[in-house]
Amino acid sequence: MNRVVHTTWHCVVVACFVAFTAAAGLAEGAESNSSGAIRHSRRIALSGTPGAVAVSGDGKTIVAASGRVLTAIDASSGTVLHRWEQSQDIIDISLSANGRLVAVTTGSPIIDIYDRETGERSQQLHRADAADYLRGDEQQRIAFYPDGSKLISMGTHVRIFVSDVETGDWDHIMVVKYDACTPVVAPDGKHVALFGMQDDSELSGQVTMFLIRRGLQPLWTKWHESREAVTHAAFSPDGLRLASSGAGDGARVWNVQSGELITHVKGEQEARLLGASFVVDGNHLLMVSPRTLQLRSLDRDAAVASVAISEQDSLGGLACSHDGAVVATFSSQAAVDVWSVQRP
């Protein structure tokens, strides 16, 4: 993925890798019990409750989806750049690394791409001569390649589509053994991971890694021991590790090349985790639940800082830039919150 992470209001775990940065203040409705290592930059009000949020790889642009409305926001100022309205409720969103291209999916086989600078729709990814592949296949989950040249999407009928963003052509279609997955592309553009099995699927709890080389070449498949649905995954900034998470199952960190399990972090939070994010030095993990943001030291396996969210509010999802300098969560209060984390 470009290292944009997108999430929904399901009971999920989201994983992304974050760096340490500084900011002032705390979220409205948030209560700090930390040493100041987790900080809030701003809250951005939206027209409705968000269902997905994405951050561009460079951390300069945030996009949030509320029902049929897509909103592009300047991350540093909180200024709304553009709003677009779709004909159906939005399923997923993705941003190119430089934040210029915004991709959005609904319950249609067509993926709309907008230009954040002009506000115009620049492309619709759909090919008439690919009708046999696309007929009835809802394009649900998407992720840009880091350079924005291609977009990978996962439909409901066990097909992975890789499309050329400039021409709109589908240049690779791959049939896999499972559906309802989300793709995530490594920041270096070398690997793609698929995750997100249905709870009632015999393949629930699965994470699959692909090498990007003349299409997609499968490398390995791993399972969470609980066989609980893997609801999110994210690469480290260097692209060498993958964190995968499952509701109530904590986060697992894998070696991207070999598939070796590096560590399993359960933490001390409630079961409904929303995010597990590694900092740039790899020695701390930011764990996010609807009511808590907690920073844990992996060396000590202990919490070193946390922020408690008030009972009047609740977090619903997490996204971050490639280097983790910008972290966004969406709130039940029809808002997006921008956070930063600094070394404790």
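All of the points below concern the structure found in this document. As the structure is a computational prediction, the values presented were derived from the model and not from experiment. (Residues numbered from 1 in each chain as written. Predicted model: local features only at pLDDT ≥ 70, side-chain atom pairs only at ≥ 80, totals over all residues. Heavy atoms only, no water.)

### Focus on the sheet that holds strand β4 (residues 52-55)
Selection rule: Pairing between strands is defined by DSSP: at least two bridges between them are needed. Numbering of helices and strands starts at the N terminus; helices are DSSP runs of H or I of at least 4 residues and strands are runs of E of at least 2. Convention adopted: a line fitted to C-alpha atoms gives each axis, helices being fitted over their contacting stretch, and angles between N-to-C directions are expressed from 0 to 180 degrees.
Read from one edge of the open sheet, four strands run β4-β5-β6-β7, paired in antiparallel fashion. Edge positions in the sheet fall to β4 and β7 (80-85), since each of these pairs with one other strand and no more. Strand-to-strand, the axes of this sheet are offset by a mean angle of 15°, without reference to chain direction.

### A look at the packing of aromatic side chains
Two descriptors summarise a pair of aromatic rings, namely the distance from one centre to the other and the angle between the planes of the rings. Using the following cut-off: In this scheme Phe, Tyr and Trp rings, the latter by its six-membered ring, pair at centre separations within 6.5 Å, and the angle between planes marks the pair as stacked below 30 degrees, edge-to-face above 60, and tilted otherwise. Buried, partly exposed and exposed residues are distinguished by accessible area as a fraction of the type maximum, computed with a 1.4 Å probe on protein chains only: under 20%, between the cut-offs, and over 50%, respectively.
Throughout the structure, instances matching the rule amount to two aromatic pairs. On the basis of an interplanar angle of 40° and a centroid distance of 6.1 Å, the ring pair of Trp220 and Trp254 is categorised as tilted. Pair noted here: Trp220 is in strand β19 (residues 216-223) and Trp254 is in strand β22 (residues 251-255), with a separation of 34 residues, a long-range link. Residue Trp220 shares its accessibility class with Trp254, and that shared class is buried.

### Remarks on the pattern of salt bridges
Where we set the bar: A pair is scored as a salt bridge if a Lys or Arg side-chain nitrogen falls within 4 Å of a carboxyl oxygen belonging to Asp or Glu.
Within this structure, the stated rule accounts for six salt bridges. The partner of Arg100 in a salt bridge is Asp115, and the shortest N-O contact between them spans 2.8 Å. Here Asp115 lies in strand β10 (residues 111-115) and Arg100 lies in the loop between β8 (92-95) and β9 (101-105), a separation of 15 residues in the sequence. Sharing partners across several salt bridges, the network here consists of Arg43, Asp313 and Asp337.

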